[in-house]
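# Results of the structural survey
Listed below, chain by chain, are the residues.
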Amino acid sequence: MSVVDLSATPEAAPAGRSSAGIAGPIATVDVLDDLAAAAPAWRELAAHGAIATAFQRFEWIDAWQRNVGTPEGFRPLVVIGRDRTGAPAFLWPFVHRPGALTVARFPGLAHSGLNIGLWRRDVAAALTTADILALLRQAGRRHGIDLFRLERQPPRWRGLDNPFARLSHRPTVDDVPSQAFPAEPPEEVFKAVVSRDMRGRLRTKERKLEKLAGYRYLRATTAADADRVLDAFLAQKAAHFAAQGIPDVFAEPGVAAFLRESCRTGLADGRPGIELHAIEGGGEVIAVMGGVADDHRFSCMFNSYTTSENGRWSPGLILITHIVRDCAARGLAGFDLGPGAASYKGFFCREPENLFDSEVAVSLRGRLAAPLLASLAEARRRAKQNERVRALVHRLRRLVGGEAPAARPD
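A brief structural summary. Counting restarts for each chain: residues are numbered from 1 in the order of the written sequence. For a predicted model such as this one, the threshold for reporting local features is a pLDDT of at least 70, and the threshold for listing and counting side-chain atom pairs is 80 or more; totals across whole chains, interfaces and linings nevertheless cover every residue. Calculated side-chain values reflect all of the structure's heavy atoms, with hydrogen atoms and water omitted.

## Section: the overall build of the protein
Each helix is a run of H or I in the DSSP string that is no shorter than four residues. Each strand is a run of E no shorter than two, and both are numbered from the N terminus. On a plain count of helices and strands, the protein comes out with eleven helices and 18 strands. Only protein chains enter the accessibility calculation, which uses a 1.4 Å probe; a residue whose area is less than 20% of its type maximum is buried, one above 50% is exposed, and one in between is partly exposed. In the protein, which comprises 410 residues, the proportion classed as buried is 53%. Taking the intrachain contacts of the protein between residues at least 6 apart in sequence as the baseline, contacts between residues at least 24 apart amount to 74%. A total accessible area of about 17,700 Å² is found for the protein, and carbon and sulfur atoms account for 54% of it. In what follows, residue pairs with any heavy atoms lying within 4.5 Å of each other are defined as contacts. Only the protein chains shown count as cover for residues, with accessible areas throughout obtained via the Shrake-Rupley method and a probe of 1.4 Å.

What follows is the structure in structure tokens.
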């Protein structure tokens, strides 16, 4: 751990500003390499309404770090700004893996769909571009960081302009299809989100599934339900990946343990780290969706559907209709279906979240690497937007894995 007193650290001050006015209301900055040490400030900010996405919950990040991050060699780096009373004003969680090029990124890596850190509104408005750059670079130099790579950030969250958007940035590889809910009763929200034609088509298909013994929709509220639904998801996803000839990312070391812990943690309080939604009947779990949620939004992390005959009736789409109703009934402001383009997402989400990425170089190596990494990311983004490239990828997958259908949720 290191503590930087900004009132006594001239290098943190942008040129032409007095050290007493560095970073507006920020007096000191803690740079911690241990999540447990950061937990009190983290929870204090969360309890006082700091702006953050559900992917920045301490419990979610802690579970990922212990099960995936640490075994893979990633170390925490948490930057906490404090005001002149000592109260936490912002918290930026990062992880890094020392190497020839040490890059600090938001925790969770590809598992985290939306990243912004934790911000008090007054501090977010007060920090300038120069302040943010100075604080990042100072923290980076003290901990051997070459480059900060800030990925999958929303430009605006809960009415707050993302302060990191003041940095130089570019579109991220994948946008997040999202949908805000109108301020209407739950059933009117459902009608606004799901078109009349789609409601009719899916209602006809759901009648087929309703003939199955014990058919129901559920949001897991017990450890037994969570384990059963997650086991079904892992088996379904493994079968779909195998059919397509794609490596099973959920079989990578620590990932299943991270998911299981996050699905169980907080269940007793009704706030699990990862919510599990499912429809089941006829002795099987037919479709699954897991995601993170707070009182603002549900964000999908993963989904799957059965490989049995029941998969013919679009169970993944039917499940989404139940999730929309559930989110509306809980008073959430909207939901999203996670990063990436897929045709089914357009049936429910018509407001793409135009995410952005930034690179902030700290060392000479970071300055040399930043343009290359940005160019590679842009090439990936353009390739994903190219219909011919996407079609070629799908054809190659079918050739490798036979003629199995894609593992989409419908």
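## Section: the pairing of strand β2 (residues 28-32)
For β2, the tally of buried residues reaches four of five residues, placing the bulk of the element in the interior. Only strands joined by at least two bridges in the DSSP assignment are considered to pair. In this sheet, strand β3 (residues 75-82) lies alongside β2 in antiparallel orientation, the contact comprising five bridges. For D30, the partnering residue across the bridge sits in β3 and is I80.

## A look at the side chain of N67
Its location among the elements puts N67 in helix α2 (residues 58-69). Taking the relative accessible area as the measure of exposure, N67 reaches 16% and is therefore buried. Looking at N67, its side chain comes within polar contact range of the side chain of E261, at 3.0 Å. Other than its neighbours up to four places away in sequence, N67 contacts P253, G254, A257, F258 and E261. Polar contact criterion, stated in full: a pair of N or O atoms within 3.5 Å, where within protein one must be able to donate a hydrogen and the other to accept it, and residues adjacent in sequence count only if both atoms are side-chain atoms.

## Here we look at the sheet that holds strand β12 (residues 216-219)
The mixed open sheet is built from seven strands, whose spatial order is β12-β13-β14-β15-β16-β11-β17. The sheet terminates laterally at β12 and β17 (351-353), the two strands that pair on one side only. Looking at each pair of strands side by side, their axes are set apart by 30° on average, direction ignored. Where strand β15 (residues 297-305) meets strand β16 (residues 334-336), three bridges bridge the pair, whose relative direction is parallel. Among the inter-strand pairings, F298 is bridged to a residue of β16, identified as F335. Interaxial angles span 0 to 180 degrees and are taken between N-to-C directions of axes, which are lines fitted to C-alpha atoms, for helices over the stretch in contact.

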